Amino acid sequence: MNERRAARSVEAVFREDRGRLLALLAARFGDLDLAEETASEAVEAALQRWPVDGVPDKPLAWLLTTARRKAVDRIRRDRAFAQRLALLQLESDRAAAVVPEPGFDDVPDERLQLFFTCCHPALSPEAQTALVLRFLAGLTTPEVARAFLVPTATMAQRIVRAKRKIRSARIPFRVPGPEELPGRLPSVLRAVYLVFTEGYAASAGDGLLRPDLAEEAVRLARILHRLLPAEREVAGLLALLLLTDARRAARTDAAGRQVLLEDQDRSLWDADLVAEGQRLLVPALTGPGVGPYAVQAAIAALHDEAADMDSTDWPQIVALYDVLLRIEGSPLVALNRAVAVAMRDGPEEGLALLDDLAGAEELRGYHLLPAARADLLRRLGRTAEAAAAYRAALALVGNQPERATLTRRLAELGRP
């Protein structure tokens, strides 16, 4: 087996199971730094050994065993970890446990434990989100920094402080008990949603989608729903992810180019996912105190039910955005509502609402605000202003397919 093939195998395993490997190591040793460092060392060892010995039957188990041994060696050499070595009984048979066979069951795996650790209430919301994107979504520190619109050095310091907090406060790597779960749930739901969002539209890179992240978010949402079947917002989140992910196959063409909603072949949408999402939506919307994920899922369902853009129930979508604004009055919700208003009442009405959002701090650096303005200005025939807005969006956009779409729209303005 040649080195290139071995490298591809290591990369594939690490990309698909990185979150689980880190979670297993973190749960065993109680230290995210140690987990990350020894996982990297295990990958380096695989790059050396697999070209010689061949790819093992259980690659993740091989990486885990190698990383555990390296962690034990490091702890033995480091006197600061001596007490932890005794506490965790790393010499016991439990430390030699192998990775379970992959598959879905009623017991959440270690990634869910790591979710709850990263979303512990002792950490700030910003730190929670950063840790989830870094360790569970697999984003690099520069990518996380771009998601937060802050310098890489700032984000690196934030992640270091959060990891230090987990270590110093002895935050456990576990799923909380039934009495704690409801209070801890909102931050975990937000984290799962953020992972899905990165999978749905990558913040950077050559591809519009990161299917591995979208699928992982859906899987974790399914686990949460099995754990808490009576929690309506868990059902709402899962419904939202399914109803949105159902369109994945139509969102890019064969060359990987972005296909906008109005141009998508709706026959490619996954009818089974749509039906499952619609079933989950019923209990999520039943009763008082409807949550934001359920409302967003209802909006997604209206898009999925429409035969095309013209037949979409835009008045109902605007009404749902009004509800969502009352629940969580974020500028991002207001931006999406403005686009829906433009579809209902015309581009001038939508543009006035978008202009009101120009000074929103939360949307500074968000490319979809100038992109939406550019589209409405184009529809109004205000070509010069539209071109300026497209250029503003291009200065902010992260991934290449979205950049190509904006570039094409800008070029079209100069054509008769």
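See the structure above.
Definitions and limits used
- Residues numbered from 1 in each chain as written.
- Predicted model: local features only at pLDDT ≥ 70, side-chain atom pairs only at ≥ 80, totals over all residues.
- Heavy atoms only, no water.
- Helix = DSSP H or I, 4+ residues; strand = E, 2+ residues; numbered from the N terminus.
- Contact = heavy atoms within 4.5 Å.
- Areas by Shrake-Rupley, 256 points an atom, 1.4 Å probe, with all protein chains shown as cover.
- Salt bridge = Lys/Arg side-chain N within 4 Å of Asp/Glu carboxyl O.
- Buried < 20%, exposed > 50% of the residue type's maximum accessible area, 1.4 Å probe, protein only.
- Axes fitted to C-alpha atoms, helices over the stretch in contact; angles between N-to-C directions.
- Parallel < 35°, antiparallel > 145°, perpendicular 65-115°, else oblique.
- Left-handed = near helix turned anticlockwise from the far one by under 90°.
- Nonpolar A, V, L, I, M, F, W, Y, C, P; charged D, E, K, R; others polar.
- Expected span 1.5 Å × (residues − 1).
- Arc of directions from axis to C-beta.

> Explanation requested: the overall build of the protein in the structure shown.
Summing up its helical and strand segments, the protein has 19 helices and zero strands in all. For the protein, long-range pairs separated by at least 24 residues make up 64% of all intrachain contacts whose partners lie at least 6 apart in sequence. Put simply, the protein shows about 20,100 Å² of open surface, and 52% of that area lies on carbon and sulfur atoms.

> Which parts of the structure should I look at to understand the pattern of salt bridges?
Think of it this way: side chains of opposite charge can pair up when their charged atoms draw near. The full count for this structure, using the stated rule, is 22 salt bridges. For Arg134, the salt bridge identified is with Glu36, shortest N-O distance 2.4 Å. Residue Arg134 is located in helix α6 (residues 125-136), and its partner Glu36 is located in helix α2 (residues 32-53); the two are separated by 98 residues in the primary sequence. Assessed through its relative accessible area of 14%, Arg134 is described here as buried. Judged by its relative accessible area of 16%, Glu36 falls in the buried class. The shortest N-O distance in the salt bridge between Glu262 and Arg409 comes to 3.6 Å. Of this pair, Glu262 sits in the loop between α11 (232-245) and α12 (271-285) while Arg409 is found in helix α19 (residues 400-413), placing the two residues 147 residues apart along the sequence. The class of Glu262 is partly exposed, set by a relative accessible area of 41%. By relative accessible area, which is 13% here, Arg409 ends up buried. The structure contains a network of salt bridges with shared partners spanning Asp31, Asp33, Glu36, Arg134, Lys163 and Arg167.

> What is the right way to read the environment of Glu349 from this model?
Residue position: Glu349 is located in helix α16 (residues 347-356). Given the relative accessible area of 44%, Glu349 is considered partly exposed.

> Can you help me understand the packing of helix α17 (residues 368-379) against α19 in this one?
A pair of packed helices can be characterised by two numbers: the angle between their axes and the separation between those axes. Contact geometry for α17 and α19: axes closest at 12 Å, N-to-C directions at 30 degrees. As far as their axial angle goes, α19 and α17 are roughly parallel. Both α17 and α19 take part in a crossing whose hand is left-handed. Side by side, α17 and α19 meet where Leu368, Ala371, Asp375 and Arg378 of the first sit next to Glu402, Leu406, Arg409 and Leu413 of the second. Here the residues of the contact of α17 with α19 are counted per class, giving four nonpolar, no polar and four charged.

> Hey, could you run me through the environment of Arg158 in this one?
With respect to the element layout, Arg158 can be found in helix α8 (residues 152-168). On a C-alpha basis, the gap between Arg158 and Ala130 in space is 8.0 Å, while along the polypeptide they are 28 residues apart. Apart from residues lying up to four places away in sequence, Arg158 is in contact with Glu126, Phe148 and Val150.

> How should α12 be read in this particular structure?
Residue pairs spaced three or four apart in an α-helix point in one direction, given the helix's 3.6 residues per turn. Counted at 1.5 Å a residue, the expected span for α12 with its 15 residues is 21 Å, and the 21 Å between its end C-alpha atoms agrees. Those residues of α12 not exposed but buried are Leu273, Val274, Glu276, Gly277, Leu280, Leu281 and Ala284. Down the axis of α12, the sector holding all buried residues measures 160 degrees, keeping them to one side. Turned more than 90 degrees away from the buried face of α12, the exposed residues are Ala271, Asp272, Arg279 and Val282.

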